[in-house]
Structure formats: structure tokens, C-alpha cells
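Observations on the model geometry
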Amino acid sequence: MESTTNSTAALGLLGLPREILIMLPDYLHNIEDYMNVASTCRTLREAMSTAHPHTILCLAWESTRIFFRPSPSFLICAVARDLGNWARESDENEAELASGMPRGIDHLVDLALRKKQCGLTMDDIRKLHGLRFSVINPVADLIDKCIGEQWYQTPNFWNGGVDDAYTINAEAPQTLFDLATYGELFGPDFEPFVDSLSSRRMLKVDTRLEFVKYYMPDYAVRCFEAARDIKRPDGSYDPRRAIVIHPDGPYDDNNEYQRSGTYNVIALKWLMKSSRWRPHWRKARLDAGAGPDFAASIYEDNANWRQIMLENVMQCQGLEGLGMILPGTDIAEQYKPKIREWREKIGRIKEEPATTRVGIWDTHKYPDLWGDLWICSSGYVFGS
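Basis of the calculations
- Residues numbered from 1 in each chain as written.
- Predicted model: local features only at pLDDT ≥ 70, side-chain atom pairs only at ≥ 80, totals over all residues.
- Heavy atoms only, no water.
- Axes fitted to C-alpha atoms, helices over the stretch in contact; angles between N-to-C directions.
- Helix = DSSP H or I, 4+ residues; strand = E, 2+ residues; numbered from the N terminus.
- Parallel < 35°, antiparallel > 145°, perpendicular 65-115°, else oblique.
- Left-handed = near helix turned anticlockwise from the far one by under 90°.
- Contact = heavy atoms within 4.5 Å.
- Nonpolar A, V, L, I, M, F, W, Y, C, P; charged D, E, K, R; others polar.
- Buried < 20%, exposed > 50% of the residue type's maximum accessible area, 1.4 Å probe, protein only.
- Core = buried A, V, L, I, M, F, W, Y, C linked by side-chain atoms within 4.5 Å.
- Arc of directions from axis to C-beta.
- Phe/Tyr/Trp six-rings, centres within 6.5 Å; stacked < 30°, edge-to-face > 60°.
- Patch = residues over 30% accessible without salt bridge, like charges linked within 9 Å, V, L, I, M, F, W, Y side chains within 5 Å.
- Areas by Shrake-Rupley, 256 points an atom, 1.4 Å probe, with all protein chains shown as cover.
- Salt bridge = Lys/Arg side-chain N within 4 Å of Asp/Glu carboxyl O.

Digging into the packing of helix α7 (residues 73-87) against helix α12 (residues 172-186)
- The N-to-C vectors of α7 and α12 enclose an angle of 10°; their axes lie 7 Å apart at closest approach. Judged by the angle between their axes, α7 and α12 are roughly parallel. α12 is crossed by α7, and the crossing has right-handed handedness. For the pair α7 and α12, contact is made by S73, F74, I76, C77, A80, R81, L83 and G84 and by Q174, F177, A180, T181, G183, E184 and L185, respectively.
- The residue makeup of the contact of α7 with α12, split by class, is eight nonpolar, five polar and two charged.

Here it is as C-alpha cells:
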């Protein structure tokens, strides 16, 4: 009886005109429903294939805790480039992106689900699934060896076993998505600096700082009142470094981020300067034939600005771009010509790109993650 009922229902559905069938995706509950309907028969598969990418994104969101973990970081990373491109369309769009950041990642979720410019195709979802195994898992393992559980398990950890021992409560997958999402959102803004013919509108430094402060909640960020030179004569604090405690945001005392004690900004700072992390990027440059480096290190006084720019541009290419440090993979091979191009173009830049100072720290006009992290954590260490 059940088989007969289903057959009758299917025949009734297929009897509807195509103009009605292509509207079905808007009435499904989640991405599982979408895939089940699309796999029923050729007619429904063709009808499902007309779904707008934004519709597919909304369906994927309803399945985020099943297929896109960690949630919501994975899905936001997947559409962060779309969000950035939408924000670059106008000053008003960028202001909307920045002004809502005190709500944290929930603000980005709301924007992505409201803006038709944000979307996913089924090909995108299949690619993301492949990246979990080709990039996310192996790079997260590398990160764990730099700032996670495997790092802490190093013999004699506190007695010389590592050269950067510190107490960091961080989760490697989350740190990976913090790095990847920053790259997806802001990475395109390198283009005007390495391509003099580019007319791309760039996102502001202030927007980047708002993103770092609230997308990567951290006790160090909350210590803004101790930061040097950010207090104004009227007693207020420079808003680029101060934080707003929104009732739905990550710094509200009742929010899970605040209770967790996770060091998101500190973890990313520690990762970027780790002697276990940086050699992978140096090897990627050497394997690509993009040498020699402009300098051995960027973590010292008067560091070479070209080396800072080169390391930033490499690490801020988004989720797939992290695969350039996995030798022997297709992604690493695909990035070799690009790495050589970046090295060559940065070498031809005559003067250091302009910087913005907040307190006693500087960050560049281009996406300078290293500088942004230092500004947003100033005050955490006494005298900074």
C-alpha cells in the first residue's frame, strides 16, 4: 500500500508544469531534502538544478551541524568571499558589515542568509567536501602540532622541549577556519598592491579590525583598557581597539565564547610565528622556485616589509590556499606559479605600502593579518 501511495504522489508531482517544479527548492527544509528530491528522477533533477545558489546556501545552513562542522565557521568560511565582494560594492555595504560585528559570527550568518549575492552551488558543496580531506584535516593536524594537544605533548614541553612554550587554550580546526575566513574575506585586497592596473575597491583597515575583534573572541582582545596610547583626552578609547559588549555578542558574560576561555587571537599569533609552522611556508616558496626570501624572519625589530607582505599574501588566500603547504598535492602544484608571481611583483614594489597606527602598533593598508592581530591584542601584555 505504501509503495502505491508513493508512486501516486510522485506521478502527481511530475504532472505539474515545469514553472511550478523549479519553485520546489524554495519550499524544502534542508540540503538533505534537496539531494533526495534531485535523485528521484531526471525531471526532478533538472528542476532542482535551476535552484539559485542563495537558495542552496539557505538549505545548507539548515544542515550545518551535520554536514558543515565546525558550525557555523565552516559555512561562513565557504561564503566569506561572497560577503567581501558584496561589501566592496559600496561604502554602505561595508558599513553594514562592520557595524554589526559586535554580534560576532552570528552577524555574518545573518548577512549571508539575507544577501542574495551569497550562495553555494552543488559543485561548491562537493568541492568543500573534498577539501575536508585534502586540506582541512591535514592542515589542522599541522596546526595542532604547533599550538594544540600534540604541541603540548612534546617531551619536556616546559623545559626546552619547544622554543615557544605558552598556555594556549585553542582548537586547531577553529584556528584553521579563523585563518581561512580572514583570507577569504580580505585576501582579494592584495590585488591593488601587486597589480598596479587593478581598480578594485578595498575594504578598510577599520573593517578588518572589527572582524578580528569579534570573529575571533579572545580575553586578550577584552584587555583594551590596558593598551597604550588609545585613551583620548575626553576619557574615551579609540574605537578601533575598544570593544562593544553586545548582549548577543561574544563578549557578553552569558555567551559561550566568553565562558570557554579560548584564545583565538593569541592562538593565531602563536601559530604565525611558530618555528613548526613557518618552515612549511618557506618550503612552499622554495619548491615553487620563489627564492630567496627577502629576510629570514618577520618577527624582529625593523623586519623587512617585503618579507612581511610575502608571508601575509601567502597565508591569506583562503581555505583552498592553505593547501599550498602540502607538498605533492594538486593544490600545491597549482599555486607554484602564483607564489613565483607574488615574489616577483613584491620585489618590484619601490616603497613600503602605507600603514595605519592604533596605539603603538602598526598594520598595513593591505590585508596584514600579523599587524591586525597585534593591534587587537594590545594591552594583553603589560606595556603593549
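Digging into helix α5 (residues 53-62)
- Regarding α5, the residues found buried are H54, T55, I56, L57, L59 and A60.
- Buried residues belonging to α5 abut α3 (31-38), α6 (64-67), α7, α9 (105-114) and α10 (122-147).

Observations concerning the nonpolar core
- Within the largest apolar cluster, 114 residues are counted, with the highest numbers of intra-cluster contacts made by F211, W277 and L319.
- The dominant element in this core, judged by the number of residues it contributes, is α10, at twelve residues.
- What W277 contacts, discounting residues up to four positions off in sequence, is V139, L142, I143, C146, L179, L271, M272, Q315 and I325.

Let's talk about helix α8 (residues 91-99)
- Along α8, the positions that sit buried rather than exposed are N93, E94, L97 and A98. Each buried residue of α8 lies within a common arc of 130° when the element is viewed along its axis, so the set occupies one face. Turned more than 90 degrees off the buried face of α8, the exposed positions are E92 and S99.
- Looking at the packing, one finds that the buried side of α8 touches α7, α9 and α14 (205-215).

Points about the packing of aromatic side chains
- The tally for this structure, following the rule as stated, stands at 21 aromatic pairs.
- Taken together, a centroid distance of 5.5 Å and an interplanar angle of 75° make the contact between F186 and F211 edge-to-face. You can see F186 sitting in helix α12 and its partner F211 sitting in helix α14, a full 25 residues away along the chain. Residues F186 and F211 agree in their burial class; the two are buried.
- Taken together, a centroid distance of 6.4 Å and an interplanar angle of 40° make the contact between Y335 and W342 tilted.
- Judged by its relative accessible area of 4%, W342 falls in the buried class.

Focus on the packing of helix α18 (residues 278-287) against helix α19 (residues 305-315)
- As a packed pair, α18 and α19 sit with axes 11 Å apart at the nearest point and diverge in direction by 95°. With respect to each other, α18 and α19 are oriented roughly perpendicular. Mapping the contact onto sequence places R278, W281, A284 and R285 in α18 and Q307, L310, E311, M314 and Q315 in α19.
- Across the contact of α18 with α19, the residue classes tally to four nonpolar, two polar and three charged.

Quick notes on a nonpolar patch on the surface
- Together, L16, I20, M23 and Y27 make up a nonpolar patch on the protein surface, roughly 390 Å² of accessible area in all.
- When its relative accessible area of 60% is taken as the criterion, Y27 is described as exposed.

Some thoughts on the pattern of salt bridges
- Scanning the model with the defined rule gives 27 salt bridges in all.
- Between K145 and D141 there is a salt bridge whose closest N-O contact spans 3.2 Å. Of the two residues, K145 and D141 both sit in helix α10, four residues apart, roughly one turn of that helix.
- With a closest N to O distance of 3.7 Å, K338 and E341 form a salt bridge. Within this pair, K338 and its partner E341 are both found in helix α21 (residues 330-348), separated by three residues, close to a single helical turn.
- Judged by relative accessible area, E341 falls into the partly exposed class, the value being 28%.

Quick word on the side chain of Q315
- If you trace the backbone, Q315 turns up in helix α19.
- A relative accessible area of 3% means that Q315 is categorised as buried.
- The contact partners of Q315, leaving out residues within four places of it in the chain, are L179, M272, W277, W281 and L322.

Keep in mind that these numbers describe shape and distance, not what the molecule does.
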